[in-house]
2 protein chains.
Amino acid sequence: MSTNPEAGEITHRNPNLKNLNVDVLYHFDLTTEMDFKAMFGDVKYVCMGGSADRAREFALKAARQMNLPITDENLKPIGKTERYTIYKVGPIIFAAHGIGMPSISIMLHELTKALEYAQASDFKYIRVGTSGGLGVAPGTVVVTEEALNDDLRPYFEFSVLGHKRRWETKADIPLMNAILKAGEGFPMVRGKTFTANGFYDEQARMDGALDPDFTVEQRRAYFDALRADGVRNIEMEAAYLLGFCTEAGIPAAVVCAAILNRLKGDQVTSTSEELASYSDNPEQVVLNMIFHELAKDGDVWRFGEDLNQ
Amino acid sequence: MSTNPEAGEITHRNPNLKNLNVDVLYHFDLTTEMDFKAMFGDVKYVCMGGSADRAREFALKAARQMNLPITDENLKPIGKTERYTIYKVGPIIFAAHGIGMPSISIMLHELTKALEYAQASDFKYIRVGTSGGLGVAPGTVVVTEEALNDDLRPYFEFSVLGHKRRWETKADIPLMNAILKAGEGFPMVRGKTFTANGFYDEQARMDGALDPDFTVEQRRAYFDALRADGVRNIEMEAAYLLGFCTEAGIPAAVVCAAILNRLKGDQVTSTSEELASYSDNPEQVVLNMIFHELAKDGDVWRFGEDLNQ
């Protein structure tokens, strides 16, 4: 167990794994009897979001911009797609983690094991998702400095064998700064992210199926307190991702599109086209950052002219 | 707001909904501008599980047994399938809720609103899923009496505007008893269900990506305590479902297949065929219960001979 997460070294990885003859990554339908090194050995970035459709679009967009011969016809997922979906384009994985922290937790455990078995090195995790903005306009890119849990505390808390554990939920600073630099010219803010365990009452919406049992005034005071604390968006996975990666020694960041301004309402009334255009912004910012880093590392990927920005 | 949940009346439903001109059920891509009454008005049962593939198989199985002309070719989902998947066969919905309580919560809010707008009445929710058995063999049907949270307490707790709320997590007794009766002859146990917020450390697995930081002996003592408290399986959604339905005044039950015995290991090493056969048991028990109730109600559905058991 290393004690130097700053250097990106493995910190609290599981020492038991070396005693397993075969490890079945049940939710991916992959096992270590497969050639993980060939499948995942060169991975440097994992871009993850909630939806399998979006992961596919994002992967195809990256392939186009990298001038790779990967198309809608020949792009195949890795493993089964019953619960999660994984695509790989060059050294970048595009993955769908489903909704909420329990869902992303399974993907992070199994994907991290896969990359470890594959002896992939120096890889980074970036959540590129959607969120409710707090005082920011739809389409704004919100870059997370730190995630707050549903008690608005800056850690992720969970129970193991009936005992509470806490993980720190700060984004990796060099990765966050690289994303902020790549995003210059985009509508972008940085701030804290509130990670809720639901979409309706848990995010202070008043349009769920159950009586919300709070008033518009109480909600406004709550949002004002969040804003004053530096919160700029609300979503459902950042605290787990950042906590897990702190423990695992993996640099991680969260970059979300705001798809509505929660100070102005609860309902997501944008069209599919508008929603896709909102997601384009964080996706392009992250791709620009990745392409810049890969070019700096002397990577052999050939980029098209549309990247000259 | 009614105060008589025993009678199945609406209890804590949201009074704000009647003030919405249009309600966009964002995650389903459905809006109240559609004819919800035609789409959902006759729904009496919602059978839900984690996987969209399984929901489809389950729907097709029901259609075959009901002698309905619904086939793999013509069965279409209702709404978009990007995040959730909904099929309807006669008065039964088969739906995929994804993994974990935040994920199922969104489906329950939006589906319940849809059924309410559709003026559906006397509908019941049943989770038909998979789980880790605790001292029960793979393939056993575990019927939940009550769900425990990750502190092993018999309630679901969550935060709204920074304040804690608690919901009771008991199954509806008449519905549970009807399921137990329909399951006579199947390998079946009833007991408590531990609902965890993850699959690895949170379910006391030692094969996650991170150092579990507990010993085999501590885990054994924990499982012994769970068994002594009446827990027979571990999964990831029951506490939210039962809590939500208690609040909403909807009879609800949870019927899961055990796909492994956690006292004997962590890994799910069964083949796809074995896993499908394990899921067959709870699915058939629930279908038998539903067909029995529909026949009793004089419903017009015509059932095939294979239901004469």
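As the structure is a computational prediction, the values presented were derived from the model and not from experiment.

So, how was this worked out
Residues numbered from 1 in each chain as written. Chains lettered and ligands numbered in written order. Predicted model: local features only at pLDDT ≥ 70, side-chain atom pairs only at ≥ 80, totals over all residues. Heavy atoms only, no water. pLDDT = per-residue confidence, 0-100. Contact = heavy atoms within 4.5 Å. Least-squares fit on C-alpha atoms with pLDDT ≥ 70 in both. Helix = DSSP H or I, 4+ residues; strand = E, 2+ residues; numbered from the N terminus. Expected span 1.5 Å × (residues − 1). Buried < 20%, exposed > 50% of the residue type's maximum accessible area, 1.4 Å probe, protein only. Buried area = accessible area lost by both parts, 1.4 Å probe. Salt bridge = Lys/Arg side-chain N within 4 Å of Asp/Glu carboxyl O. Polar contact = N/O pair within 3.5 Å; in protein donor to acceptor, adjacent residues only side chain to side chain. Nonpolar A, V, L, I, M, F, W, Y, C, P; charged D, E, K, R; others polar. Pairing = 2+ DSSP bridges. Axes fitted to C-alpha atoms, helices over the stretch in contact; angles between N-to-C directions. Parallel < 35°, antiparallel > 145°, perpendicular 65-115°, else oblique. Left-handed = near helix turned anticlockwise from the far one by under 90°. Phe/Tyr/Trp six-rings, centres within 6.5 Å; stacked < 30°, edge-to-face > 60°. Disulfide = S-S within 2.5 Å.

### Examining the confidence of the model for chain A
All names here are of chain A.
Point 1. For chain A, per-residue confidence averages 93 on the pLDDT scale, and residues scoring 70 or more make up 93% of the total.
Point 2. In this model, residues 1-8 is a region of pLDDT below 50 whose contacts with residues beyond four sequence positions or in other chains number nine contacts.
Point 3. Segment residues 304-309: pLDDT under 50, and eight contacts once partners within four positions in sequence are set aside and those in other chains are kept.
Point 4. Predicted complex, confidence summary: ipTM 0.93, pTM 0.94.

### With respect to the relation of the copies chain B and chain A
Point 1. For the pair chain B and chain A, the best superposition has an RMSD of 0.0 Å and corresponds to a rotation of 180° with a translation of 0.0 Å parallel to the axis. Such a turn and shift between the copies fits a two-fold axis.
Point 2. A high fraction, 100%, of the interface residues of chain B reappear at the interface in chain A, so the copies pair face to face through one surface.

### A look at helix 3 (residues 101-117) of chain A
Side chains three or four residues apart in an α-helix point the same way, a direct result of the helix having 3.6 residues per turn.
Residues and elements named next belong to chain A.
Point 1. Compared with an ideal rise of 1.5 Å per residue, which puts 17 residues at 24 Å, helix 3 spans 24 Å between its outermost C-alpha atoms and is within 8% of the ideal.
Point 2. Among the 17 residues in helix 3, 15 count as buried, and that is most of the element.
Point 3. Positioned one or two residues after helix 3, Gln119 has a phi angle of 55°, which is positive.

### Focus on the interface of chain B and chain A
Point 1. Listed by partner, the interface residues are 71 residues for chain B and 71 residues for chain A.
Point 2. When chain B packs against chain A, close to 5,800 Å² is buried across both sides, 58% of that on carbon and sulfur atoms.
Point 3. On the chain B side of the contact with chain A, Ile99(B), Leu161(B) and Leu210(B) bury the most area, a combined 13% of that side's loss.
Point 4. Here chain B is connected to chain A by two salt bridges.
Point 5. Our enumeration of links across chain B and chain A arrives at 29 residue pairs in polar contact (both at pLDDT 80 or more).
Point 6. If you list the elements that add at least two residues to the side of chain B that touches chain A, you get helix 2 (52-65), helix 3 (101-117), strand 8 (155-160), strand 9 (163-168), helix 5 (216-228) and helix 6 (238-248) of chain B.
Point 7. Tallying contributions element by element places helix 3 of chain B first for the side of chain B that touches chain A, with nine residues.
Point 8. Here the residues of the side of chain B that touches chain A sort into 32 nonpolar, 20 polar and 19 charged.

### Observations regarding unusual backbone geometry
Residue and element names in this part refer to chain B.
Point 1. Non-glycine residue Leu152 carries a positive phi angle of around 60°.
Point 2. Relative to the helices and strands, Leu152 resides in the loop between strand 7 (141-148) and strand 8.
Point 3. The exposure class of Leu152 is partly exposed, given its relative accessible area of 24%.
Point 4. A positive phi angle, near 65°, is found at Asp213, a position not held by glycine.
Point 5. The class for Asp213 is exposed, based on a relative accessible area of 59%.

### Comments concerning the pairing of strand 5 (residues 92-96) of chain A
Residues and elements named next belong to chain A.
Point 1. Of all five residues making up strand 5, five are buried, and the element is well covered by its neighbours.
Point 2. Both faces of strand 5 are covered, namely the face carrying Ile92, Phe94 and Ala96 and the face carrying Ile93 and Ala95.
Point 3. Sheet topology places strand 4 (residues 85-89) next to strand 5; five bridges connect them, and they run antiparallel. Directly across from Val89, in strand 5, lies its bridge partner Ile92.
Point 4. Taking the residues that link successive antiparallel strands as the turn, the strand 4-strand 5 hairpin has two residues, and the phi of Gly90 there is positive, at about 55°.

### Some remarks on the packing of helix 2 of chain B against helix 7 (residues 272-296) of chain B
Residue and element names in this part refer to chain B.
Point 1. Contact geometry for helix 2 and helix 7: axes closest at 11 Å, N-to-C directions at 45°. Overall, the two elements helix 2 and helix 7 adopt an arrangement that is oblique. Relative to helix 7, helix 2 is oriented so that their crossing is right-handed. Residues Arg54, Phe58, Lys61, Ala62 and Gln65 of helix 2 touch helix 7, and the partners they reach there are Ala276, Ser279, Asp280, Glu283, Gln284, Leu287 and Phe291.

### Digging into the pairing of strand 9 (residues 163-168) of chain A
Consecutive side chains along a regular strand alternate between the two faces of the sheet.
Residue and element names in this part refer to chain A.
Point 1. The sheet contact formed by strand 8 (residues 155-160) and strand 9 spans six bridges and is antiparallel. Within strand 9, the residue paired with Phe156 across the bridge is Trp167.
Point 2. A loop of two residues connects strand 8 with strand 9, the two strands running antiparallel in sequence, and Leu161 in this loop sits at a positive phi of about 55°.

### Focus: the packing of aromatic side chains
Point 1. This structure, assessed with the given rule, holds 32 aromatic pairs over all chains.
Point 2. Aromatic side chains Trp167(A) and Phe244(A) sit 6.3 Å apart centroid to centroid with 75° between the ring planes, which places their arrangement in the edge-to-face category. Of this pair, Trp167(A) sits in strand 9 while Phe244(A) sits in helix 6 (residues 238-248); the two residues are 77 residues apart in sequence, bridging distant segments of the chain.
Point 3. Since its relative accessible area comes to 7%, Trp167(A) is described here as buried.
Point 4. Judged by centre distance (6.1 Å) and plane angle (35°), the ring pair of Tyr222(B) and Phe223(B) falls under tilted.

### A short note on the state of the cysteines
Residue and element names in this part refer to chain A.
Point 1. Here the structure, examined in full by the defined rule, presents zero disulfides over all chains.
Point 2. Free of any disulfide, Cys245 has its nearest neighbouring cysteine sulfur in Cys47, separated by 13 Å.
Point 3. Classification of Cys245 by relative accessible area gives buried; the value is 2%.
Point 4. Its sulfur unpaired, Cys256 is 12 Å from the next cysteine sulfur, which belongs to Cys47.

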